[in-house]
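Residue-level structural notes
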Amino acid sequence: MTVDVNTCILGIETSCDETAAAVVIGGTNVLSSVVSSQVDLHARFGGVVPEIAGRAHVEMLTPVIAQAIVEAGIDDDRIDAVAATVGPGLVGSLLVGVSAAKALALVWDVPFVAVNHLEAHLHEALLEEPDLELPVVVLLVSGGHTMLVEMRDHGTYRLLGQTIDDAAGEAFDKVARFLGLGYPGGPAIDREAMSGDPQAIAFPRAILDEGLDFSFSGLKTAVVRYVRANPDVSTADVAASFQQAVVDVLLTKARRAAAQVGARGLCLGGGVAANSLLREQFLDVCEGDGLHGFLPSRPMCTDNAAMIASAAWWRLQSHGPSPLDTGADPSLKLALVD
Ligand code: KG4
Ligand code: ZN
């Protein structure tokens, strides 16, 4: 199959708690991107309940796909391939999207493309800025992962650093829960921090002075200890000081990584890249270091299917279609080079 700028891909994303479908042409031209969030279903439990997530995907996926095709203004026969996230994620959720994608590929007699969710997050920046010059360093910060990756080419990734315990998004979610700010925690802390003083409390910045790995579990514990010892502290000050500590560590390491590999550009990706302070200070850092900084738009940072269709377009060129017996893999890893 020839893959070119006219190749039209339907992407499907169901790895966690967003049911999403998108139609993207040529890897960058997003005709539609529909995301149905399950936040309301999980909020009263304070986190994602896998069983509920899987059932909600079953209910929502067909209408979401239909909406994506209608919004794209195309007929089904314009679709050249169907892609879905095969991992990492919740197995019961992944299976819904993978089964639907394979069924549609069979019915429409087009290729199926299996996409790694992390690889899709790495492509967020390129989706919106296709001419970005490689290699770039991508700081991928989501609910399950915190990684610094050197993207040398599409499909050629070198891991520079990663978290040794909690992911950055996980730290936001846990601290928000502890502070009673609700779920999802990232946006709640982002909002609360707006009225707080980021210098109010000197929370620890773990392993700041060396290497490219991260650690956030000590920070979470420090927040809990501080609030227990100072019950009258302003929640906004705690949120702002916590957020500042996370952002300081993320950006210090990202700069170090860019300098170490001599990258021209630095990109952000993943749900935490929607954070207001991180976005603002990321651009300052890039300007200060003479790096080309690229920030995906907020809707592109959090889980969506446009990034799946985009990553699939590159993958279809390099690897061709995926076999129909490709299974969902909840702990799928990113293929890395040394
Ligand atoms: O990439 P994503 O949508 O899903 C995963 O692949 O994990 O990331 C979700 C994570 C959650 O931990 C959520 O709290 C965090 O991204 N997040 C934020 C913000 N928006 C979402 N964290 C900080 N500030 C935000 N504005
Ligand atoms: Zn994600």
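Residues numbered from 1 in each chain as written. Chains lettered and ligands numbered in written order. Predicted model: local features only at pLDDT ≥ 70, side-chain atom pairs only at ≥ 80, totals over all residues. Heavy atoms only, no water.

Now for the pattern of salt bridges. Summed over all chains, the structure comprises 10 salt bridges. The partner of Asp80 in a salt bridge is Arg78, and the shortest N-O contact between them spans 3.3 Å. Accessibility expressed as a relative area gives 24% for Asp80, which makes it partly exposed. With a relative accessible area of 29%, Arg78 lands in the partly exposed category. A salt bridge links Asp166 to Lys174, with the shortest nitrogen-to-oxygen separation between them at 3.4 Å. Looking at Asp166, the relative accessible area reads 8%, which means it is buried. Given a relative accessible area of 33%, Lys174 falls into the partly exposed group. Three or more residues joined by partner-sharing salt bridges are found here, namely Asp166, Glu170, Lys174 and Lys220. (Salt bridge = Lys/Arg side-chain N within 4 Å of Asp/Glu carboxyl O. Buried < 20%, exposed > 50% of the residue type's maximum accessible area, 1.4 Å probe, protein only.)

Here the focus is the coordination of the zinc ion (ligand 2). Angles at a metal have ideal values that depend on geometry: 109.5 degrees with four tetrahedral donors, 90 or 180 degrees with six octahedral donors. Note on the zinc ion (ligand 2): its protein donors are His117 (NE2), His121 (NE2) and Asp303 (OD). The metal-donor distances range over 2.0 to 2.1 Å. Expressed as a motif, the donor residue spacing for the zinc ion (ligand 2) is H-x3-H-x181-D. Here the residue His117 and the residue His121 both occupy positions in helix 4 (residues 117–122), the gap between them amounting to four residues, near one helical turn. On the basis of relative accessible area, His121 is assigned to the buried category, the value being 1%. (Donors = N, O, S within 2.8 Å, 3.2 Å for Na, K, Ca; no water. Helix = DSSP H or I, 4+ residues; strand = E, 2+ residues; numbered from the N terminus.)

Time to look at the layout of surface pockets. By volume, the largest pocket amounts to about 1,100 Å³. Along its surface, the largest pocket is lined by 38 residues, and Cys16, Asp17, Ser142, Gly143 and Asp173 are the ones closest to its centre. In terms of residues, the lining of the largest pocket owes the most to one element, helix 6 (residues 168–178), which gives six residues. Taken together, the residues that form the lining of the largest pocket break down as 12 nonpolar, 17 polar and nine charged. (1 Å grid on protein atoms, 1.4 Å probe; cavity = no way out; pocket = protein on both sides within 12 Å on 5 of 7 lines; lining within 4 Å. Points joined across faces, edges and corners; volume = space filled by probe spheres on them. Nonpolar A, V, L, I, M, F, W, Y, C, P; charged D, E, K, R; others polar.)

What follows covers unusual backbone geometry. Residues Leu134 and Pro135 are joined by a peptide bond in cis, for which omega reads 0°. By secondary structure assignment, the location of Pro135 is in the loop between helix 5 (124–128) and strand 6 (136–141). Here Tyr183 and Pro184 are connected by a cis peptide whose omega angle stands at 0°. Structurally, the position occupied by Pro184 is in the loop between helix 6 and helix 7 (185–193). Its identity as a non-glycine residue notwithstanding, Asp109 has a phi of 55°, on the positive side. With respect to the helices and strands, Asp109 occurs in the loop between helix 3 (91–108) and strand 5 (112–116). When its relative accessible area of 70% is taken as the criterion, Asp109 is described as exposed. Here Ile207, not a glycine, exhibits a phi torsion of approximately 35°, which is positive. Classification of Ile207 as partly exposed rests on a relative accessible area of 37%.

Quick look at the site of ligand 1 now. Close contacts around ligand 1 come from 18 residues, with Gly143, Asp173, Gly186, Asp190 and Gly271 the closest. One of the side-chain N or O atoms of His121 is found 3.1 Å from an oxygen atom in ligand 1. Protein chains bury 87% of the 550 Å² of accessible surface belonging to ligand 1 in isolation. According to the grid-proximity analysis, the pocket containing ligand 1 is the largest pocket. At the level of elements, helix 4, helix 6 and helix 7 are the ones that each hand at least two residues to the shell around ligand 1. (Near = heavy atom within 4 Å. Polar contact = N/O pair within 3.5 Å; in protein donor to acceptor, adjacent residues only side chain to side chain. Areas by Shrake-Rupley, 256 points an atom, 1.4 Å probe, with all protein chains shown as cover. Sits in = over half its atoms within 2 Å of the grid points.)

Moving on, we come to the nonpolar core. Counting 49 residues, the largest nonpolar core has Leu148, Phe203 and Phe242 as its most contacted members. Elements that contribute at least two residues to this core include exactly strand 6, helix 6, helix 7, helix 8 (217–229), helix 9 (235–261), strand 9 (265–269) and helix 10 (276–289). Among the elements that line this core, the one with the most residues is helix 9, at 13 residues. Apart from the residues lying within four places of it in its own chain, the contact partners of Phe242 are Ala171, Phe172, Val175, Ile189, Phe203, Leu219 and Val223. (Core = buried A, V, L, I, M, F, W, Y, C linked by side-chain atoms within 4.5 Å. Contact = heavy atoms within 4.5 Å.)

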